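Overview (structure and organization)
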Amino acid sequence: MVFAVKWGASIIQILGYTATGFGWTPWNLYLFLVGVLGWFAVGAMWNDKALMLVHIVALGAMISGMASR
C-alpha cells in the first residue's frame, strides 16, 4: 500500500511541476494538493513525524494561498 501511494503521489507531484512549467493554472495547484496529501499519508503510514510536518505545513500554505486569491 505504501509503495503505491508513494509512487502515485510522486508522479502526481511531477505532473504538478510540469503544469507549473507550462503555466497551466489552477491545475498545477490541484495536482500539488493531491501529491502533498499523498505524501502526508505516506508519512502517517510510516509514522514519520518530520515527513508529516513538512507536508501538513505545505498543505496549509497552499490552501491559505488559494483562499486569498
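In what follows, the structure referred to is the one given above.
Now for a description of the structure that goes with this document. Note that the coordinates shown come from a computational prediction; the quantities given were computed from them, not determined experimentally.

Attention shifts here to the environment of Met62. You can see Met62 is positioned in helix 3 (residues 49-67). You can call Met62 buried: its relative accessible area is 17%. A sequence separation of 37 residues divides Met62 from Thr25, and the C-alpha atoms of the two residues are 13 Å apart. Apart from residues lying up to four places away in sequence, Met62 is in contact with Leu29, Phe32, Leu33 and Val36.

In this section: helix 3. Helix length check: helix 3 (19 residues) gives 26 Å between terminal C-alpha atoms against 27 Å at 1.5 Å per residue, within 8%. When helix 3 is considered as a whole, its buried residues turn out to be Leu51, His55, Leu59 and Met62. Down the axis of helix 3, the smallest arc covering the buried residues is 70°, so these residues share one side. Of the residues in helix 3, the exposed ones pointing more than 90 degrees away from the buried face are Lys49, Ala50, Leu53, Val57 and Ala67. Regarding helix 3, its N-cap is Asp48, as a side-chain oxygen of that residue lies 3.2 Å from the backbone nitrogen of Ala50 further along.

What follows concerns the packing of helix 1 (residues 2-21) against helix 2 (residues 27-46). What describes two packed helices is the angle between their axes and the distance between those same axes. Viewed as axis vectors pointing N to C, helix 1 and helix 2 meet at an angle of 155°, and their least axial separation amounts to 8 Å. Between helix 1 and helix 2, the interaxial angle falls into the category roughly antiparallel. Handedness of the helix 1/helix 2 crossing: left-handed. Residue-level inspection shows Val2, Val5, Lys6, Ala9, Ser10, Ile12, Gln13, Leu15, Gly16, Tyr17, Ala19 and Thr20 of helix 1 in contact with helix 2, the latter providing Asn28, Leu31, Phe32, Val34, Gly35, Val36, Gly38, Trp39, Ala41, Val42, Met45 and Trp46. Split by residue class, the contact of helix 1 with helix 2 holds 16 nonpolar, seven polar and one charged.

What follows concerns helix 2. An ideal rise of 1.5 Å per residue puts 28 Å on 20 residues; helix 2 measures up with 29 Å between its terminal C-alpha atoms. Those residues of helix 2 not exposed but buried are Asn28, Phe32, Leu33, Gly35, Val36, Gly38, Trp39, Val42 and Gly43. Of the surrounding secondary structure, the elements contacted by the buried residues of helix 2 are helix 1 and helix 3. One or two steps after helix 2, the chain reaches Asn47, where phi turns positive at roughly 55°.

Here is what the cut-offs are and how they apply
Residues numbered from 1 in each chain as written. Predicted model: local features only at pLDDT ≥ 70, side-chain atom pairs only at ≥ 80, totals over all residues. Heavy atoms only, no water. Helix = DSSP H or I, 4+ residues; strand = E, 2+ residues; numbered from the N terminus. Buried < 20%, exposed > 50% of the residue type's maximum accessible area, 1.4 Å probe, protein only. Contact = heavy atoms within 4.5 Å. Expected span 1.5 Å × (residues − 1). Arc of directions from axis to C-beta. Polar contact = N/O pair within 3.5 Å; in protein donor to acceptor, adjacent residues only side chain to side chain. Axes fitted to C-alpha atoms, helices over the stretch in contact; angles between N-to-C directions. Parallel < 35°, antiparallel > 145°, perpendicular 65-115°, else oblique. Left-handed = near helix turned anticlockwise from the far one by under 90°. Nonpolar A, V, L, I, M, F, W, Y, C, P; charged D, E, K, R; others polar.

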